[in-house]
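Here are the chains, one letter per residue:
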Amino acid sequence: MGIIVEHVSKRFDDFQAVDQVSLEIKTGSLVALLGPSGSGKSTLLRLISGLEMPDSGRILLTGQDATYKSVQERNIGFVFQHYALFKHLTVRKNIAFGLEISKAPKAKIKARVEELLELVQLGGLGDRYPSQLSGGQRQRVALARALAVEPKVLLLDEPFGALDAKVRKDLRVWLRRLHDEVHVTTVFVTHDQEEAMEVSDEIVVMNQGKVEQVGTPAEIYDHPASAFVMSFIGPVNVLSSSSKIFANSFESPHPEVFVRPQDVVIELEPGESTVPARVDRIIHLGWEVQAELALDDGQIVMANLTRDRYDQIKIQPQQRVYVRPREAKAFPIFYSI
C-alpha cells in the first residue's frame, strides 16, 4: 500500500481548504497534485505529511493509520520550494543531517551520502556550500537530503517553482529518471500543467478543495471529467454551442462547447462542414504555429498547426479561410478559473 486518504477535510476559519477528499496513491508511483492557487493541493500535501491535522477523515501510510502521528513518526521525506538548506553546512553535511540526528553509524552515513551524491549527479561537489551552487543544484541537494533517511514517502511542494524555465525543464527530466531508480512513493504539488503531464504517473486535479479527476496524463487530457479539467489542462477554445461552426458536426444541449486548438481544422476552400473565418494573427512558436481566427459571428478561435501543415497552406493575416472542429466536448457546468 502507498497512501490512502479517506474523507479528509480541513478548514481554516471560514475557508474550506480541503473538502471530503478521498484518494489512493499506489506504492512506488509518482503522483502530481495539480490545481490553481487555493484549490487545496498544498494543504492536502501538508495533511499527508503531518504538518497539518485534519478536521475529519483519516490518512493511511503504507497500511498504517497515520492521521494523528507526528511528522517524525511518519517516515516522510519533504522537499520545499525554497530548498531550506543549512547555509553553514557543506553539501555533504546537509545530506547527512537526518542520518546524524537519528544517530546512524558513521560508516553508514558516509556510504549513504556518497551514494546519494552520485545519484543526484553532484559527485565532486560534496565539500561546497549551498551559496556556491546553482538553484538547480541546491534543489538536488534538498532531494538527496530527503532521500538520505530512506523515507517510505517523498513529498515535494512546488519543488521547481523558484527556478527559471530552462532549469525547471531539465530538473523535471532528472526527477523522472531519479524516481525510476529509487521507486519511492512520491507526491508533488504543482500548478504547472506541463510539469504534471511530463513527470507523473497519475495526476490528481483539484479545484475548490475537492478532487475533480484522477487519471494518467493521457486520460486527463483526452477524457476530462468536467469543464474545469478540460479548461485547466492545456489550451482550449470555449465557444457558444449555437455557433455556426457546430451546425453540421456537433450538437449540444449545453451552452458552451470546448475545442482544443489542435482540433480546429483550417482549409483554404469551403467544404460541407466548414464555416468562414478571417485570420487575425499568426504566432510562430518554433515547433508549431498558432493562428488566431475570427468567425463571422464575432467569436475568436485559436488553431494550432504543425510546421508542415503551415508550410503547406501558407496562411497570412487578413486571409479568408474555412474552419471546422475535428472534435469537441460539452459539459453540464463550466467552472471558471
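Scroll up to find the structure this text is about.
Quick caveat: nothing in here was measured; it's all calculated off a predicted structure.

S.K.: A description of the pairing of strand S12 (residues 256–259) should follow, citing residues and the corresponding values.
M.R.: Bridge count for strand S11 (residues 237–240) against S12 is 4 bridges, and the pairing is antiparallel. Bridge pairing in S12 links Val 238 to Phe 258. Relative to strand S18 (residues 329–330), S12 is paired through 2 bridges, and the arrangement is antiparallel. The residue bridging Phe 258 from the neighbouring strand is Lys 329, located in S18.

S.K.: Requested: an account of the pairing of strand S10 (residues 210–215), with residues and values cited.
M.R.: Bridge count for strand S9 (residues 202–207) against S10 is 5 bridges, and the pairing is antiparallel. From the neighbouring strand, Asn 207 faces S10, where its bridge partner is Lys 210. Taking the residues between adjacent antiparallel strands as the criterion, S9 and S10 are bridged by 2 residues, where Gln 208 takes a positive phi near 50 degrees.

S.K.: Which residues make up the pattern of salt bridges, and what are the values?
M.R.: Proximity of charged atoms lets side chains of opposite charge pair with each other. Inspection of the entire model under this criterion finds 24 salt bridges. A salt bridge links Lys 26 to Glu 202, with the shortest nitrogen-to-oxygen separation between them at 3.9 Å. Of this pair, Lys 26 sits in the loop between strand S2 (15–25) and strand S3 (30–34) while Glu 202 sits in strand S9, and the two are 176 residues apart along the sequence. Close ionic contact of Glu 115 with Arg 112 constitutes a salt bridge, the shortest N to O distance being 3.4 Å. Residue Glu 115 and its partner Arg 112 are both found in helix H3 (residues 106–119); the two are separated by 3 residues, about one turn of the helix. Put simply, Lys 169, Arg 172, Glu 194, Glu 195 and Glu 198 are held in one network by salt bridges that share partners.

S.K.: So what's going on with the sheet that holds S9? Residues and values would help.
M.R.: What the 6 strands build is an open sheet, ordered S6-S7-S8-S3-S9-S10; its pairing is mixed. Single-partner strands in this sheet number two, and they are strand S6 (76–79) and S10. Strand-to-strand twist across the sheet, computed as the mean angle between neighbouring axes with direction ignored, equals 20 degrees. Looking at chain direction, S3 and S9 are connected through 4 bridges and run parallel. Of the residues in S9, the one forming a bridge with Ala 32 is Ile 203. Strands S3, S6, strand S7 (153–157), strand S8 (185–190) and S9 of the sheet are contacted by helix H1 (residues 41–49), whose axis makes an angle of about 150 degrees with S7.

What counts, and at which threshold
Residues numbered from 1 in each chain as written. Predicted model: local features only at pLDDT ≥ 70, side-chain atom pairs only at ≥ 80, totals over all residues. Heavy atoms only, no water. Pairing = 2+ DSSP bridges. Helix = DSSP H or I, 4+ residues; strand = E, 2+ residues; numbered from the N terminus. Salt bridge = Lys/Arg side-chain N within 4 Å of Asp/Glu carboxyl O. Axes fitted to C-alpha atoms, helices over the stretch in contact; angles between N-to-C directions. Contact = heavy atoms within 4.5 Å.

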